[in-house]
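# Fold and contact review
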Amino acid sequence: MIGTRQREILKSIVEEYIKTVRPVGSKALCKKFKCSSATIRNDMAALEENGYLEKTHISSGRVPSEEGYRYYVDNLMEAKKISGEDMVKLQTIFSNNELDLNDTISKSLELISDITNYTSVILGKESSLNKLGKVEVIPINDRQAVVILITDKGHVENKTINFESDVSLSDIAKTTELINKILVGTCIDDVPSKLEFEIKPVIRNYINNYEVVYNAFYDALSNFTNEKNVKFTGKTNILKQPEFDKVDDVKNIISKFESKDMVNKIEETDDEVKVYIGKESEFDDNVTIVKTKYIADGREGTIAIIGPKRMEYERVVNMLAFIKEHIERRNKSWKNIIKWKKMK
């Protein structure tokens with residue numbers, strides 16, 4: 001347990017360090033708390049002993065530790081309203097009816113990235129609300145073809161498939177026709193199981209080398225259901241932070257941005273805006289990731305902001321909460337419009 005004054009001292013150190021990137025010494029706090037330098041030093045030593053502060057090698061001042069940031073976010077950060085300037089910029093985007101919902105999400109995350117100098121990420125995936133609209137196949141040669149999947153919401157994905165041995169154009173056409181006949185209207189997440197139990201038993205009866213054809217189609221369409229669409233904005237913004245002034249740190253974070261496995265760790269399953277600091281992020285020990293889940297136009301995804309542990313927590317959390325709220329409002333309005341049109 002830490003005392004009331006120690007809590008306020010920790011809050012002041014965290015907020016000052018976020019602003020200045022300089023270790024905070026006792027002298028800077030004496031006037032604010034109307035205490036002697038010795039008293040402040042004792043409190044800072046207690047906070048360090050509890051794991052909330054760290055002493056740097058280049059200064060007698062202290063900086064927040066990972067635990068210190070976590071304590072600040074959980075107990076000391078004030079729930080302030082989003083600033084007027086930030087709100088006006090975001091409202092301008094959400095009130096633009098010429099933008100569809102996905103473009104609105106993209107532009108709002110671009111804005112946050114621009115005004116905070118952090119990196120924003122949109123990690124989208126097909127949810128069970130999307131259904132298979134149509135599958136088209138363009139043969140390239142006897143061993144390759146391009147599969148195009150179109151959902152009922154108009155979302156289009158394409159993937160090159162490779163056959164283990166030569167297959168005929170007629171067998172590809174027959175399989176494509178069968179998939180469209182049986183699976184159109186199927187929830188995207190259910191496509192793999194229906195391929196296995198409804199398509200495979202049929203094609204084995206009238207397609208030569210059916211296993212080669214089936215395996216290629218199964219791999220391609222299963223990947224469509226599992227793959228995530230990723231959009232980064234301000235990838236290099238994180239490199240402008242003083243925490244990333246070493247070449248090895250720069251190479252490390254860039255390689256993680258390019259790694260599908262690492263990017264997939266950004267995905268959020270919680271409806272609330274969550275803050276993951278350092279090791280908690282499971283992405284990089286030197287960053288904080290603020291993120292939340294959203295559902296828009298039948299697509300489930302994650303919106304996230306990546307910055308240093310020395311992040312403007314209040315500002316980022318409030319802006320992301322604002323965006324999430326307005327996504328849900330727009331999504332609800334969109335559903336009501338669709339419902340109204342069907343009733344007509």
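What counts and how
- Residues numbered from 1 in each chain as written.
- Predicted model: local features only at pLDDT ≥ 70, side-chain atom pairs only at ≥ 80, totals over all residues.
- Heavy atoms only, no water.
- Helix = DSSP H or I, 4+ residues; strand = E, 2+ residues; numbered from the N terminus.
- Rg over C-alpha atoms; globule rule 2.2 N^0.38 Å.
- Buried < 20%, exposed > 50% of the residue type's maximum accessible area, 1.4 Å probe, protein only.
- Contact = heavy atoms within 4.5 Å.
- Areas by Shrake-Rupley, 256 points an atom, 1.4 Å probe, with all protein chains shown as cover.
- Lys, Arg positive; Asp, Glu negative; His and termini not counted.
- Charge placed at Lys NZ, Arg CZ, Asp CG, Glu CD.
- Polar contact = N/O pair within 3.5 Å; in protein donor to acceptor, adjacent residues only side chain to side chain.
- Salt bridge = Lys/Arg side-chain N within 4 Å of Asp/Glu carboxyl O.
- Axes fitted to C-alpha atoms, helices over the stretch in contact; angles between N-to-C directions.
- Parallel < 35°, antiparallel > 145°, perpendicular 65-115°, else oblique.
- Left-handed = near helix turned anticlockwise from the far one by under 90°.
- Nonpolar A, V, L, I, M, F, W, Y, C, P; charged D, E, K, R; others polar.
- Core = buried A, V, L, I, M, F, W, Y, C linked by side-chain atoms within 4.5 Å.
- Pairing = 2+ DSSP bridges.
- Expected span 1.5 Å × (residues − 1).
- Arc of directions from axis to C-beta.
- pLDDT = per-residue confidence, 0-100.
- Phe/Tyr/Trp six-rings, centres within 6.5 Å; stacked < 30°, edge-to-face > 60°.

### Looking at the overall build of the chain
Counting secondary structure elements, the chain contains twelve helices and ten strands. Computed over C-alpha atoms, the radius of gyration of the chain comes to 26 Å, more than 25% over the 20 Å expected from 2.2 N^0.38 for 344 residues, which places it beyond the range of a compact globule. Judged by the C-alpha coordinates and their principal axes, the chain covers about 90 × 50 × 35 Å. Counting the 344 residues in the chain, one finds 45% classified as buried. In the chain, 60% of the contacts between residues at least 6 apart in sequence involve partners at least 24 apart. Carbon and sulfur atoms make up 47% of the accessible area of the chain, which totals about 18,000 Å². Each charge sign in the chain was given a centre, from 54 positive and 55 negative side chains, and these centres are 5 Å apart.

### A word on unusual backbone geometry
One non-glycine residue, K34, adopts positive backbone phi at about 55°. The class for K34 is exposed, based on a relative accessible area of 76%.

### Examining the side chain of T292
By the secondary structure assignment, T292 is in strand β9 (residues 287-296). Polar contacts involving the side chain of T292 include one to the main-chain carbonyl oxygen of E272, which spans 3.1 Å. For T292, the contacting residues outside a window of four places in its chain are E268, D270, D271, E272, V273, G301, T302, I303, L320 and K324.

### Focus on the pattern of salt bridges
Tallying each qualifying case throughout the model produces 21 salt bridges. The salt bridge partner of D270 is K274, with a shortest N-O separation of 4.0 Å. On the basis of relative accessibility, which here comes to 27%, the residue K274 falls in the partly exposed class. In this structure, R315 and E312 form a salt bridge, with 3.7 Å as the shortest nitrogen-oxygen distance.

### Details of the packing of helix α2 (residues 26-33) against helix α3 (residues 37-49)
Interhelical geometry of α2 versus α3 gives an angle of 110° and a closest axis separation of 9 Å. Between α2 and α3, the angle is such that the two are roughly perpendicular. As for how α2 packs across α3, the hand of that crossing is right-handed. Every residue of α3 that contacts α2 at S26, L29, C30 and F33 is listed here: S37, I40, R41 and M44. Partitioning the contact of α2 with α3 into residue classes produces five nonpolar, two polar and one charged.

### Topic: the nonpolar core
Grouped together as the largest cluster of nonpolar side chains are 51 residues, with contacts concentrated most on I105, I303 and Y313. Other than its neighbours up to four places away in sequence, I303 contacts I105, L109, V121, I122, V290, K291, T292, Y294, L320, I323 and I327. Residues L183, I207, A216 and L221 belong to the second largest nonpolar core, which totals 28 residues.

### A look at the sheet that holds strand β6 (residues 156-162)
The strand order across the open sheet formed by three strands is β4-β5-β6, and the pairing between neighbours is antiparallel. A single partner strand is all that each edge strand has here, and the edge strands are β4 (132-141) and β6. Shown here is a sheet whose adjacent strand axes are inclined to one another by a mean of 20°, direction ignored. Here β4 runs beside strand β5 (residues 144-151); their pairing, made up of eight bridges, is antiparallel. Bridging from a neighbouring strand, N141 pairs with Q144 of β5.

### Things to note about α3
Each turn of an α-helix holds 3.6 residues, which means side chains three or four residues apart point in the same direction. With 13 residues, α3 extends 18 Å between its outermost C-alpha atoms, agreeing within 8% with the 18 Å of an ideal straight helix rising 1.5 Å per residue. Where α3 is concerned, the buried positions are I40, D43, M44, A46 and L47. The arc enclosing the buried residues of α3, seen along the axis, measures out at 155°, which places them on a common side. Residues of α3 that are exposed and point over 90 degrees away from its buried face: N42 and E49. Here the buried face of α3 lies against α1 (4-20), α2, β1 (53-55) and β2 (62-64). Where α3 terminates, the next one or two residues include G51, which has phi positive at roughly 90°.

### A word on the confidence of the model for the chain
Averaged over every residue, the pLDDT of the chain is 88; the share at 70 or more is 92%. Per-residue pLDDT stays below 50 along residues 337-344; that stretch engages in zero contacts with residues further than four places along the chain or on separate chains.

### Let's talk about the environment of R62
When you line up the elements, R62 lands in strand β2. Aside from chain neighbours lying at most four places away, what touches R62 is I13, P23, V24, M44, E48, L53, E54 and K55. Looking at R62, its side chain comes within polar contact range of the side chain of E48, at 2.8 Å.

### Points about the packing of aromatic side chains
Where two aromatic rings form a pair, the distance of their centres and the angle of their planes describe that pair. In this structure the tally under the stated criterion is seven aromatic pairs. Here the aromatic rings of Y52 and Y71 are separated by 5.0 Å at their centres, their planes lie at 50°, and the arrangement is tilted. In this pair, Y52 sits in the loop between α3 and β1 while Y71 sits in helix α4 (residues 66-76), placing the two residues 19 residues apart along the sequence. Every member of this aromatic cluster is reached through a ring pair, and the members are Y69, Y72 and Y313.

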